[in-house]
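The primary structure of each chain is shown beneath.
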Amino acid sequence: MPSNAFFDNYLPIAILTVIGFVFVAVSLFMSRIVRPSNMTKEKLTTYECAEVPVGDTRIHFNIQYYMIVIVFLIFDVGILFLYPWAVQLKNLGAPGFFQMVIFIEILIIGLAYAWRKEALEWTQ
Amino acid sequence: MWTGDTMTNAYELIVNILTAIGVYDQIYNLFEIFGMAYVLKILIVSVLIAVLFAFVLVTVMFLTWMERKVVALVQVRYGPMVTGPRGLLQPVMDGIKLIGKEDIIPAKADRWIFTLAPFIVFVPALLIFIPIPFGNSLIISDLRVGLLYIIAISAVSPIAVLLAGWASNNKYSLLGAMRAVAQDISYTIPLALAAIAVVIFTGSLSTVDIVNAQGDYWFGIIPKWFIFLQPIGFVLFLIASIAELGRIPFDFQESESELVAGFFTEYSGMKFAMFFLAEYAHLFAVSGIVVTLFLGGWNGPVIPFIPVQITSLVYFLIKTYAVIFFTMWLRDTVPRMRIDQLLNIGWKIMVPLALLNLLVAGFLVTAGVI
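Keep in mind it's a predicted model, so treat the numbers as computed, not measured. (Residues numbered from 1 in each chain as written. Chains lettered and ligands numbered in written order. Predicted model: local features only at pLDDT ≥ 70, side-chain atom pairs only at ≥ 80, totals over all residues.)

Asker: Now, about the overall build of chain A: what can you tell me, with residues and values included?
Answerer: Along the backbone of chain A there are 2 helices and 0 strands. Rg of the C-alpha trace for chain A: 25 Å, well past the compact-globule value of 14 Å for 124 residues, more than 25% over. When its C-alpha atoms are laid out on the principal axes, chain A stretches across 70 × 60 × 20 Å. Buried positions account for 14% of the 124 residues belonging to chain A. (Helix = DSSP H or I, 4+ residues; strand = E, 2+ residues; numbered from the N terminus. Rg over C-alpha atoms; globule rule 2.2 N^0.38 Å. Buried ≥ 20, exposed ≤ 12 C-beta atoms within 10 Å, placed from the backbone.)

Asker: If you had to explain helix α5 (residues 111–127) of chain B to someone new, which residues and values would you point to?
Answerer: Compared with an ideal rise of 1.5 Å per residue, which puts 17 residues at 24 Å, α5(B) spans 26 Å between its outermost C-alpha atoms and is within 8% of the ideal. Of the residues making up α5(B), those classed as buried are B:F114, B:A117, B:P118, B:I120, B:V121, B:F122, B:V123, B:P124, B:A125, B:L126 and B:L127. (Expected span 1.5 Å × (residues − 1).)

Asker: Please set out the interface of chain A and chain B residue by residue, giving values where relevant.
Answerer: At the junction of the two partners, chain A supplies 54 residues and chain B supplies 61 residues. Looking at the side of chain A that touches chain B, the elements with two or more residues in it are α1 (5–34) and α2 (63–116) of chain A. Counting residues per element, the side of chain A that touches chain B draws most heavily on α2(A), which supplies 22 residues. Among the residues making up the side of chain A that touches chain B, the classes are represented as 38 nonpolar, 12 polar and 4 charged. (Contact = placed C-beta atoms within 7 Å. Nonpolar A, V, L, I, M, F, W, Y, C, P; charged D, E, K, R; others polar.)

Asker: Before we move on, can you summarise the environment of B:A20 with the specific residues and values?
Answerer: With respect to the helices, strands and loops of the structure, B:A20 is situated in helix α1 (residues 10–21). Taking the C-alpha atoms as reference points, B:A20 and B:F263, 243 residues apart in sequence, are found 52 Å from one another.

Asker: An account of the domain arrangement of chain B is requested, with residue identities and associated values reported.
Answerer: All names here are of chain B. You can read the domains of chain B as domain 1 (1–77) and domain 2 (105–366). Each of domain 1 and domain 2 has a C-alpha centre, and these two points are 23 Å apart. Counting residues at the interface gives 18 residues for domain 1, matched by 20 residues for domain 2. When residues of the side of domain 1 that touches domain 2 are traced back to their parent elements, those giving at least two are α1 and α3 (37–74). Of the residues forming the side of domain 1 that touches domain 2, the biggest block, 13 residues, is contributed by α3. (Domains from an automatic or database assignment.)

Asker: Can you explain the UniProt feature "transmembrane region" (unreviewed entry) in chain B? Please cite residues and give values.
Answerer: Residues and elements named next belong to chain B. Under the UniProt annotation, "transmembrane region" (unreviewed entry) lies at residues 38–63, 112–134, 146–166, 187–205, 225–243, 280–298, 310–330 and 342–365. Each end of residues 187–205 is marked by a C-alpha atom, and these two atoms are 20 Å apart; helix forms 84% of the span and strand 0%. End C-alpha to end C-alpha, residues 280–298 measures 21 Å, and it is 79% helix and 0% strand. (UniProt positions renumbered as here; feature names shortened; annotations may be inferred.)

Asker: Could you give an account of the packing of α1(B) against α3(B), with specific residues and numbers?
Answerer: Geometry of a packed helix pair, given as the angle between the helix axes and the separation of the axes. Residues and elements named next belong to chain B. Where α1 meets α3, the closest approach of the two axes is 10 Å, and the angle between their N-to-C directions is 115°. Classed by the angle they form, the pair α1 and α3 counts as roughly perpendicular. As α1 runs across α3, the sense of the crossing is right-handed. Judged by residue contacts, A10, Y11 and I14 of α1 engage I44, V45 and L48 from α3. Grouping the amino acids of the contact of α1 with α3 by side-chain chemistry returns 6 nonpolar, no polar and no charged. (Axes fitted to C-alpha atoms, helices over the stretch in contact; angles between N-to-C directions. Parallel < 35°, antiparallel > 145°, perpendicular 65-115°, else oblique. Left-handed = near helix turned anticlockwise from the far one by under 90°.)

Pasting the structure below:
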């Protein structure tokens, strides 16, 4: 059996994941035993304020979401580089700090560009 | 076997208590005979996980009651009063009611994804609790990347929201899910940046190290909580986490007056209950993280003759409930914003402010001021 610190630290996560999934499955099953089930055609229609549903939901969607996701992706990857830097900053000293100042400057320039191009506006 | 003086997590605490009573060695030897010493460890960890799970569920039930009571308090009503003393058993009755409810899957919905979404929303809401220190050595697992783990796990919930909204095949659900995802990813950036500013001061991502770094006092009176070092970071983190939770004033994913119930419009019965439980588990977890990062975690005045594990748990819960009460109070007094205002505040005010805050924090640490 493996018995190192890494395995010990992540063992509870594995157990809790299993318990969580089992809990949801058991409670759904419990309700399946107890609940009534009397489906009618009207009950199974999609809710649309009591009207008959019009058209399909899966249509082409607003491009603005795409722009925001792209900007998010840039920042999220940038932030990944900031974690190890933040942990080690006290050891890196002034050179490490100024290198990251340049990195953050580039992120800020990117944000300003996206702002200027109106990628952050919800309505156009 | 565990040896040493410091206890870092609840497993070692249990082993320590069992050793003090004098039964651990016997149990250990019993398992050793069958060559299954590791099974004992898995057993103890499973019991701890079960305790955590029960604790979280009870807390969640209490929070649903508390939410109604706080709303009632603000609106000068009584709130639930009938079931149990002061209506305390109301969440139990809700659970019984929801178990007996019909589980409707709309004919046009994607059946598998529709059923999968409650699992994916509920399990990560539990997993966040693993590295949260509830008290001195009352932590399930002190991960070395604890803070990164918390932010990574909480980024799973937008996926579940998107699955739920897409699978329902309902226009309100889809709009609610899209808004929720746009909002979640917009506010993850200032959230993570504010957390990184704290990491600069501690030099560690472990939640236990972050709490220990806040244990001292300035001039013997003012506690060294990061809220005093990082006031801007605290405000940014609090606003961003309320937005991540999707609570008023940021509740676009389920704004009742526009989108019926947002991404879980089509859910009923126990599947709806899972979304409901996950929402309140998230609220508890996020308040715990705010306390851990900025309000000194379980630190507080030491009281003689009472074990530090108990006093620290009490301090942690008091602070956490204070944060939870604040968010509920905010819900009752602030109107909802518009979606474009929300994204403007997120990207044009909070992200630049968080970057600036990070640079200032980095400068202070590098210059050796703090």
